[in-house]
Amino acid sequence: GHDDVMGVADGGWGMLFGRNAQEAADLALIARRVAEASETPFFNVQDGFLTTHTLETLNLPEPELMLEFIGAPGDRLRNLFDPHHPLLSGPVQNQDSYMKGKVAQRYFYDRVKPSLVSAMKEYSALTGRQYRLLRPYRMDDAEYAFIGLGSLMETAEAAVDYLRRNGMRVGAVSLTSFRPFPGAELASLLRHCCAVAVLERLDVPLAESNPLTMEVKAALADVAAVVKAKVALA
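None of the values given here were measured: they were computed from a predicted structure.

Undergrad: Got a minute to help me understand helix 7 (residues 152-165) in this structure?
TA: Because each turn of an α-helix spans 3.6 residues, side chains separated by three or four positions end up pointing in the same direction. For helix 7, built from 14 residues, the straight-helix expectation of 20 Å at 1.5 Å per residue is met to within 8% by its first-to-last C-alpha distance of 20 Å. Where helix 7 is concerned, the buried positions are L152, M153, A156, E157, V160 and R164. Around the axis of helix 7, the buried residues are gathered within 145° of arc, so they sit on the same side. Of the exposed residues in helix 7, the ones pointing more than 90 degrees away from its buried face are T155 and R165. Positive backbone phi, approximately 90°, marks G167, located one or two places after helix 7.

Undergrad: Any chance you could explain the sheet that holds strand 4 (residues 144-148) here in plain terms?
TA: Strand pairing in a sheet relies on backbone hydrogen bonds, with the paired strands running either antiparallel or parallel. The strand order 3-5-4-7 describes an open sheet built from four strands, whose pairing is mixed. Every other strand in the sheet has two partners, leaving strand 3 (134-137) and strand 7 (195-198) as the edge strands with one partner each. When the angles between neighbouring strand axes are averaged without regard to direction, this sheet yields 20°. Here strand 3 runs beside strand 5 (residues 170-175); their pairing, made up of four bridges, is antiparallel. Note that in strand 5 the partner of R135 across the bridge is S174. Strands strand 3, strand 4 and strand 5 of the sheet are contacted by helix 7, whose axis makes an angle of about 170° with strand 5.

Undergrad: Just checking my understanding: could you explain the sheet that holds strand 1 (residues 14-18) for this structure?
TA: In spatial order, the strands read 2-1-6; together these three strands make up an open sheet with mixed pairing. In the strand order of this sheet, the two ends are held by strand 2 (42-46) and strand 6 (177-179), each with one partner. Between one strand axis and the next, the sheet turns through 25° on average, direction left out of account. Strand direction decides the pairing type here: strand 1 and strand 2, joined by five bridges, are parallel. Across the sheet, residue F17 finds its bridge partner in strand 2, namely V45. Packing against the sheet, helix 2 (residues 21-38) makes contact with strand 1 and strand 2, and its axis sits at approximately 175° to strand 2.

Undergrad: Explain unusual backbone geometry here, please?
TA: Among all residues except glycine, the phi angle is most often negative; among peptide bonds, the trans geometry is most common. Cis geometry is adopted by the peptide bond preceding P180, which originates at R179 and carries an omega value of 0°. Counting through the fold element by element, P180 comes out in the loop between strand 6 and helix 8 (183-189). The phi dihedral of E39 falls on the positive side, at around 55°, and the residue is not glycine. The phi angle at R138 is positive, at roughly 55°, despite the residue not being glycine. Inspection of the secondary structure assignment puts R138 in the loop between strand 3 and strand 4.

Undergrad: Help me understand a nonpolar patch on the surface, please; the structure alone is not making it clear to me.
TA: Nonpolar side chains collect at one region of the surface, where L80, F81 and L87 lie side by side and expose about 320 Å² of accessible area between them. Looking at the secondary structure, you find L87 in the loop between helix 3 (63-70) and helix 4 (95-104).

Scoring rules and cut-offs
- Residues numbered from 1 in each chain as written.
- Predicted model: local features only at pLDDT ≥ 70, side-chain atom pairs only at ≥ 80, totals over all residues.
- Heavy atoms only, no water.
- Helix = DSSP H or I, 4+ residues; strand = E, 2+ residues; numbered from the N terminus.
- Expected span 1.5 Å × (residues − 1).
- Buried < 20%, exposed > 50% of the residue type's maximum accessible area, 1.4 Å probe, protein only.
- Arc of directions from axis to C-beta.
- Pairing = 2+ DSSP bridges.
- Axes fitted to C-alpha atoms, helices over the stretch in contact; angles between N-to-C directions.
- Contact = heavy atoms within 4.5 Å.
- Patch = residues over 30% accessible without salt bridge, like charges linked within 9 Å, V, L, I, M, F, W, Y side chains within 5 Å.
- Areas by Shrake-Rupley, 256 points an atom, 1.4 Å probe, with all protein chains shown as cover.
- Salt bridge = Lys/Arg side-chain N within 4 Å of Asp/Glu carboxyl O.

Quick look at the structure:
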């Protein structure tokens, strides 16, 4: 289940989901690179037990590749505690300064998505293994789609092939990045679909919807609002 990781999904960290051991190994390097570039921590998530207790083919990233891709940490890390430039950390903040601090965090978070896209492109060029914020499968003419995170999406792609052989125009979208959430990219992929099924590995009964479903709804609602505004202006 994804109960544990979704419990910390809004802690301010990036969050990547691997579908198998190969992706977990590769995303570990990508997450490290992006965390250093954006100065924002990252989770590298792989579904546990079944995937960790079975045999899979895996091409371990070579030490030379890791050195080339990651580089020397000292080239990217900053020492924020410099006595020549004093910094106060951890004081009690009143309401006026608290929200100023929250808004100031955007300086760091605005760098996460472009850093992630750049790191994925570079890693794909180095290895030939393609990584993007999300992975569409047979979505070019899909009328229906499965959306999900992690290892279940390899099974979903097999289900897509089966349904296609039976005449259904079905596709699948695996989200590699849950944080930052690629809402605009996902909405674009779903623009011609009649319906989608969001596959979740947890249940949050007191929420409006489960976590991934809420994100999908928000992404589609944002696009609908933009379209409505353009129609009104026309």
